[in-house]
Amino acid sequence: MNTKIENKLTPVRIIAFIFVALWLVIAMFPFIWTLWGSFKVQADFFSKADWSNAIFGFHTEKQTGGFFTMGGYYGSWIEEEFWRAVINTSIVVFFTVLISLTFGTLGGYALARSTYRYAFWILMAGLIFRAMPHMTLISGYLQPFFAWNVWGILPTTIIVLVAINQPFTLWMLHSFFLNIPKDLDESAMCDGCNRFQAFRYVIIPIMWPGVITTGLFSFLLAYNDFTVTSMLLSDENETMIPAIASFLGTVQEEGKVMYAVAAVVSATAPLFFFVLFFQRQIVSGLTAGAVKG
Amino acid sequence: MKHSTFLLFSLPSLSVMFLFIAIPIVSVFIQSLHIEHKQVIIVTENCDPFGCETTTSVDTEASAKLKEKAPLGKFNGFKTYSNRMHFAFDELGEAWKSSDSFTVFVKKLYNYPLYRALSFTLTYTFIVTPFVLFLGFLVAVGVNNLPKMFKGPTIFASLLPMIVTPLVGSLILFWMVDGDGVIGATLQKIFNDNSLSLKASPVLTWIMLMVYGIWHLMPFSFIVFYAGLQTVPQETIEAATIDGASKFQRIRHVVIPHLMPLAIFITLILLMDNFRVFEPIIGFKAEAHATSISWLIWNHLRESAYPLYNAAGATSMITIFGVAILLLPVLIRTWRDFKEKNKG
């Protein structure tokens, strides 16, 4: 009986349905449009005369002979050497996530198990650091980094991203470890383990769901960062996002906007698969902080 | 946990935060109190039978020496904060005297970069945040009413605008609203105005940036509210239904109070994220009509051949101060909760 009521079409339901459908179009359409358009020539994707050109590729067929063209991708990946940026991004993201999680797991565990007042103050400081616009820190980095001659290289950027990531990672893993009963590691310590052994043999085997969820958000922060990477990396070490930004300046004037469009699609594609595979974990991570207050 | 074990466990995390967040804040503050050295100028007088001539030249050696002696520059106190790049106190005082009405004064205020950036940042923060909260809640209620098979794909599609890199997301929208892009060209046709451009008018630029902000952040509030809706106690809803509450009344009196703590959490995150708005301004190339505080710092560091460290530092400190004011209510609340918890 309950299900019958749930499936009845009431006016409220229809309005809700239309509203959600509208939102879905607004959310998805820009991505589909740009993905499709990235395989066309500029005259089609930016067609003032008729937007249907971008769908049917009128000029693309005229200029290249085919319905699709890989011109934009060839131009950005090979000619403008976007592949370098892709490699740099992979390195930066991999090490940022790895180091953030290692530091964050240890720190988060300690904060969750400590009963002293300073643990609270550290978490509060973390909250304040989390609120700090990243740009405010950049001007503090530049002068020392220039002086020590470490500006522009990948390791510097990685360690800065780890630091900026740390408040969030700590908070998230702290609340995750609070959910693991204290008795678990304490009983191990009664059996003669010290704190490190308890952590190694009891906590590490069961911590992976929380660590993976946190890792996903560290990945996003490192992957999506523009502020730090654009200010701290030299041209040859650029990652994808600042590379796209510098494309805009040079490419637009030469009538090669499609290079930038192709690069943008290339940078979005991994995120698409990322959401596809980890949707459940992302949702649980977003809500974990919220539900616990 | 013992102090020593705590320290061992948290040392890597704490030291990296100390070195790369706490110390930079202090150094930014010190930076903002100094100003670059002026070049040392040598004035030489050459006299020949026809008269004397003075020439000036830059003494590079002395300038370099000065820089080595005090790499931060000359101590300048809080003068950077009050100059025309920042609070512009002197200029404002004059503007106040010379303007005959308040609106004229506000218009003059808008000429100074810091006030310009502040006005956009605050407007953006306080318009995008409520919109995101409200629309996110509506979508969450809507999705909750969908048949089960549609829920998963809807959540998947909704996550994309939030997950995507802000710069990339704003570029994708920017190309669509461009004069030659699909939305821009269609709008031009509808209004039959070939010069209509979202980029040309300040008001339209602001609206465009805020629409982007709502598009980008709405999934976040939607997901959190949606998760919250799953935890609404069914008994209360049923009891309300038996008492004759309509659907709207159930939402108003049962669901919304239940979701209130979540709304506070979302508001806090949104305020923090919106206050640092930066990438969309780059993506939309909107700096002619809209600048944010983060953009202003970036501009100080980027624009000229020599980064204006003192200006960037002062703007950064003002920003941190703004964040502190924004966060103060939350901090006071958490402190009270903590004290109460310790008492009980």
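What counts and how
- Every chain is numbered on its own, with residues counted from 1 as its sequence reads.
- Note on labels: chains are lettered from A, ligands numbered from 1, in written order.
- Owing to the predicted nature of the model, reporting of local features is limited to residues with pLDDT of at least 70; listing and counting of side-chain atom pairs is limited to 80 or more, with chain, interface and lining totals taken over all residues.
- Each helix corresponds to a stretch of at least 4 residues labelled H or I by DSSP, and each strand to a stretch of at least 2 residues labelled E; elements are numbered beginning at the N terminus.
- Values of the radius of gyration come from C-alpha atoms, whereas the globule rule sets the reference at 2.2 Å times the count of residues to the power 0.38.
- Each residue is classified by how many other C-beta atoms fall within 10 Å of its C-beta atom, where C-beta atoms are placed from the backbone; a count of 20 or more means buried, 12 or fewer means exposed, and values in between mean partly exposed.
- Contact between residues is assigned whenever the C-beta positions, reconstructed from backbone atoms, fall within 7 Å.
- For the purposes of this description, domain bounds are those given by an automatic or database domain assignment.
- Gly counts as polar in this scheme, as do all residues outside two lists: the nonpolar Ala, Val, Leu, Ile, Met, Phe, Trp, Tyr, Cys and Pro, and the charged Asp, Glu, Lys and Arg.
- Here, a strand pair is defined by DSSP locating no fewer than two bridges between the strands.
- A score from 0 to 100, pLDDT tells how confident the predictor is in each residue.
- Every angle, taken between N-to-C directions, lies between 0 and 180 degrees, and every axis is a line fitted to C-alpha atoms, over only the stretch in contact when it is a helix.
- Just so you know how the angles are binned, under 35 degrees is roughly parallel, over 145 roughly antiparallel, 65 to 115 roughly perpendicular, and the rest oblique.
- Should the near helix be turned anticlockwise from the far one by less than a right angle, the crossing is left-handed, and should it be turned clockwise, the crossing is right-handed.
- Only buried residues count toward a nonpolar core: Ala, Val, Leu, Ile, Met, Phe, Trp, Tyr and Cys, linked into one set through C-beta atoms within 7 Å.

Draft legend 1. Here's a closer look at the overall build of chain A. Regarding its fold elements, chain A presents 16 helices and zero strands. Relative to the compact-globule value of 19 Å for 293 residues, chain A shows a C-alpha radius of gyration of 24 Å, a clear excess of over 25%. With the C-alpha coordinates aligned to their principal axes, the bounding extent of chain A is approximately 80 × 75 × 30 Å. Counting across all 293 residues of chain A, residues that qualify as buried make up 47%. Taking the intrachain contacts of chain A between residues at least 6 apart in sequence as the baseline, contacts between residues at least 24 apart amount to 70%.

Draft legend 2. Seen up close, the overall build of chain B. Helix and strand counts for chain B come out as 15 helices and four strands. Since a compact globule built from 344 residues should have a radius of gyration of about 20 Å, the 28 Å found for chain B marks it as more spread out than a globular shape. Viewed in the frame of its principal axes, chain B has a C-alpha envelope of about 110 × 75 × 45 Å. Looking at chain B as a whole, 36% of its 344 residues qualify as buried. A separation threshold of at least 6 residues defines the contact pool for chain B, and within that pool the share at least 24 residues apart is 66%.

Draft legend 3. Summary view of the domain arrangement of chain B. Under the domain assignment, chain B is made up of domain 1 (28-75), domain 2 (78-111) and domain 3 (117-313). The straight-line distance from the C-alpha centre of domain 2 of chain B to that of domain 3 of chain B is 32 Å.

Draft legend 4. Spotlight on the domain arrangement of chain A. All names here are of chain A. Domain parsing of chain A yields domain 1 (2-75) and domain 2 (77-291). Here the C-alpha centre of domain 2 lies 32 Å away from the C-alpha centre of domain 1. On the domain 2 side, the residues contacting the 14 residues of domain 1 number 14 residues. Those elements that provide at least two residues to the side of domain 1 that touches domain 2 are helix H2 (11-37), helix H3 (42-45) and helix H6 (71-79). The element that contributes the greatest number of residues to the side of domain 1 that touches domain 2 is H6, accounting for five residues. Along the lines of polarity and charge, the residues of the side of domain 1 that touches domain 2 split into seven nonpolar, seven polar and no charged.

Draft legend 5. The arrangement of the interface of chain A and chain B in detail. Between chain A and chain B, the contact holds 78 residues from the first and 80 residues from the second. Ranked by the residues each element gives to the side of chain A that touches chain B, the list is headed by H2(A), at 15 residues.

Draft legend 6. Spatial organisation of the pairing of strand S3 (residues 51-58) of chain B. Residues and elements named next belong to chain B. In terms of burial, S3 is a largely surface element, zero of the eight residues being buried. For strand S2 (residues 41-48) and S3, the ladder comprises eight bridges, and the chain directions are antiparallel. Among the inter-strand pairings, Cys47 is bridged to a residue of S3, identified as Cys52. Linking two consecutive strands that pair antiparallel, namely S2 and S3, is a turn of two residues.

Draft legend 7. Representation of the environment of Gly37(A). Residues and elements named next belong to chain A. Assignment of secondary structure puts Gly37 in helix H2. A count of 29 C-beta atoms within 10 Å places Gly37 in the buried class. Sequence separation of Gly37 and Phe68 is 31 residues, and the distance between their C-alpha atoms is 9.3 Å.

Draft legend 8. Structural detail: unusual backbone geometry. Within the chain, Glu81(A) stands out as a residue other than glycine whose phi angle is a positive 55 degrees. Phi is positive for Lys285(B), which is not a glycine, with a value near 50 degrees. Residue position: Lys285(B) is located in the loop between helix H13 (279-283) and helix H14 (293-302). According to the C-beta neighbour criterion, Lys285(B) is partly exposed, with 15 such atoms within 10 Å.

Draft legend 9. Highlighting the confidence of the model for chain A. Residues and elements named next belong to chain A. Per-residue confidence for chain A gives a mean pLDDT of 86, with 94% of residues at or over 70. Per-element confidence in chain A ranges from a low mean pLDDT of 48 for helix H1 (residues 2-7) to a high of 94 for helix H7 (residues 82-113). Counting interchain partners and residues more than four positions distant, the pLDDT-below-50 stretch residues 1-5 has zero contacts.

Draft legend 10. Quick peek at the packing of helix H8 (residues 166-177) of chain B against helix H10 (residues 202-230) of chain B. All names here are of chain B. In the contact formed by H8 and H10, the axes pass within 11 Å of each other and the chain directions differ by 130 degrees. Considered as vectors, H8 and H10 are oriented oblique to each other. The two elements H8 and H10 cross, and the hand of that crossing is right-handed. Mapping the contact onto sequence places Pro166, Gly169, Ser170, Leu173 and Val177 in H8 and Met208, Tyr212 and His216 in H10. When its residues are assigned to classes, the contact of H8 with H10 shows five nonpolar, three polar and no charged.

Draft legend 11. Summary view of the nonpolar core. Counting residues in hydrophobic clusters, the biggest one holds 152 residues, and the most contacted among them are Ile244(A), Ala260(A), Val261(A), Ala263(A) and Val264(A). Excluding its chain neighbours within four sequence positions, the residues that come into contact with Val264(A) are Thr34(A), Ile244(A), Val168(B), Leu171(B) and Ile172(B).

Draft legend 12. Fine view of the environment of Val20(A). For Val20(A), the position within the fold is in helix H2. A count of 25 C-beta atoms within 10 Å places Val20(A) in the buried class. Apart from the residues within four sequence positions on either side, Val20(A) is in contact with Val139(B), Gly142(B), Val143(B), Leu146(B) and Thr154(B).

Draft legend 13. Broad picture of the packing of H2(A) against helix H7 (residues 148-163) of chain B. At their nearest, the axes of H2(A) and H7(B) sit 9 Å apart, and the two run at 50 degrees to each other. Classified by the angle their axes make, H2(A) and H7(B) are oblique. In this structure, H2(A) crosses over H7(B), and the sense of that crossing is left-handed. Mapping the contact onto sequence places Val20(A), Leu24(A), Ala27(A), Met28(A) and Phe31(A) in H2(A) and Thr154(B), Ala157(B), Ser158(B), Leu160(B) and Pro161(B) in H7(B). Of the residues assigned to the contact of H2(A) with H7(B), the class counts are eight nonpolar, two polar and no charged.

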